[in-house]
Amino acid sequence: MIKLFASDLDGTLLNYFHHADRVVRAAVREVIASGAHMVLATGRTSHSGASHGFGNLPLEIVGSNGAIIRDAHGTVLKSFVIDQALVEDLLRTFPMIVFECVAAEGSYITGSFDEWMAGFSGKNALSRAAMMRRNRKRAASDPTLVLSQTVDQVLEHDICKLNCRTRDEGLKRELSAYLADHADTLVNEPFQPVMFEISSAGVNKGAALAWLAAHLGIAEDEVAVYGDGGNDIQMLERFVHAYAPSNANAAAKRAAGTVIGSNVAYAVPRHMVRTVRAQQGRYVVE
């Protein structure tokens, strides 16, 4: 009996356009109505399901790659803070890189909007333009996103995760070397290699989800997980009931062991619905 469903968002639960459309919302609503818990397990900075298009549906969140765990009301249950001395050293060592410094209460950007966006790139001009529009909208409407922060201002907060991108190959190599030298205290688990998503060593979606399941009184073999990228591997490896959509990267598919259809065809929400209906003994129409 699966009592908790946990899914990554982009490329997994959400549709091709990274939205929670009516098909996705209907599936999540049916999972919750069955009495199971629904968890968004994401690298994103998430304060509630509403920010991802799920309205007022009661969703637990394993956010920031497991660094911040929230209950269905958005209240922080647990967070894993990076040692402040490490945060300061990293920011002062790489002043030329703009970091998004994530705390439970908000995200603090060490640069202007344009400086932040300079590190982003897309597959083509259209995808980059779409990304720019999304982030500009976020910067304009999200009060938890604060731009142009100094190192001292960042250090006023308990930072749980550091995100950055840079197009400078030399800086990428230097930052990778720095993280390798600090592998006993810091971990980088990005969704894609072009990104850096840095948290305390030992923090990942799998460990955080296991903590949440135990907190809810749910055994690990009563959990089903879904993911498609590099930051999902620990989660997919940890749980017996693990699934990757066909569009997932090779490592995620290996970690999951079971590959279902593409997220373009709503494979994940449909798999969750089939599982719930099978547990209820209902006939499933394919």
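Structure: see above.
Below you will find a few notes about this structure. Given the structure is predicted, the values throughout are model-derived calculations rather than measurements.

**So, the sheet that holds strand 13 (residues 241–245)**
Point 1. The strand order 5-4-3-2-1-12-13-14 describes an open sheet built from 8 strands, whose pairing is mixed. The sheet terminates laterally at strand 5 (76–79) and strand 14 (258–260), the two strands that pair on one side only. Recorded for the sheet is a direction-independent mean angle of 20° between the axes of neighbouring strands.
Point 2. Direction of pairing for strand 12 (residues 223–226) relative to strand 13: parallel, over a ladder of 3 bridges. Within the sheet, the bridge partner assigned to Tyr226 lies in strand 13 and is Tyr243.
Point 3. Each of strand 1 (4–7), strand 2 (37–41), strand 3 (60–63), strand 4 (68–70), strand 5 and strand 12 is contacted by helix 8 (residues 205–215), which is oriented at about 155° to strand 3, the strand it contacts most.

**Some thoughts on the environment of Val187**
Point 1. As for its position among the elements, Val187 is in strand 10 (residues 186–188).
Point 2. Residues Val187 and Ser199 lie 12 residues apart in sequence; the distance between their C-alpha atoms is 5.5 Å.
Point 3. If we skip the residues at most four places from it in the chain, Val187 touches Glu197, Ile198, Ser199, Ser200, Ala201 and Val203.

**Brief notes about helix 7 (residues 169–181)**
Point 1. For helix 7, built from 13 residues, the straight-helix expectation of 18 Å at 1.5 Å per residue is met to within 8% by its first-to-last C-alpha distance of 18 Å.
Point 2. Buried within helix 7 are the following residues: Leu171, Lys172, Leu175, Tyr178 and Leu179. Take helix 7 and look down its axis: the buried residues cluster within an arc of 125°, on one side only. Among the exposed residues of helix 7, those oriented more than 90 degrees off its buried face are Arg173, Ala180 and Asp181.
Point 3. Against the buried residues of helix 7 lie helix 3 (84–93), strand 9 (159–165), strand 10 and strand 11 (195–200).
Point 4. For helix 7, the side-chain oxygen to backbone nitrogen distance between the N-cap and Gly170 is 2.8 Å, and the N-cap itself is Asp168.

**What to know about helix 2 (residues 22–33)**
Point 1. Spanning 12 residues, helix 2 covers 16 Å between terminal C-alpha atoms, matching the ideal 16 Å at 1.5 Å per step.
Point 2. Listed as buried for helix 2 are Val24, Ala27, Val28, Glu30 and Val31. Along the axis of helix 2, the buried residues cluster in a sector spanning 160°; they form a single face. Along helix 2, the residues that are exposed and aim more than 90 degrees away from the buried face are Arg22 and Ala33.
Point 3. The N-capping residue of helix 2, defined by a side-chain oxygen 3.1 Å from the backbone nitrogen of Val23, is Asp21.
Point 4. Residue Gly35 follows helix 2 closely and has a positive phi angle near 100°.

About the thresholds
- Residues numbered from 1 in each chain as written.
- Predicted model: local features only at pLDDT ≥ 70, side-chain atom pairs only at ≥ 80, totals over all residues.
- Heavy atoms only, no water.
- Pairing = 2+ DSSP bridges.
- Helix = DSSP H or I, 4+ residues; strand = E, 2+ residues; numbered from the N terminus.
- Axes fitted to C-alpha atoms, helices over the stretch in contact; angles between N-to-C directions.
- Contact = heavy atoms within 4.5 Å.
- Expected span 1.5 Å × (residues − 1).
- Buried < 20%, exposed > 50% of the residue type's maximum accessible area, 1.4 Å probe, protein only.
- Arc of directions from axis to C-beta.
- Polar contact = N/O pair within 3.5 Å; in protein donor to acceptor, adjacent residues only side chain to side chain.

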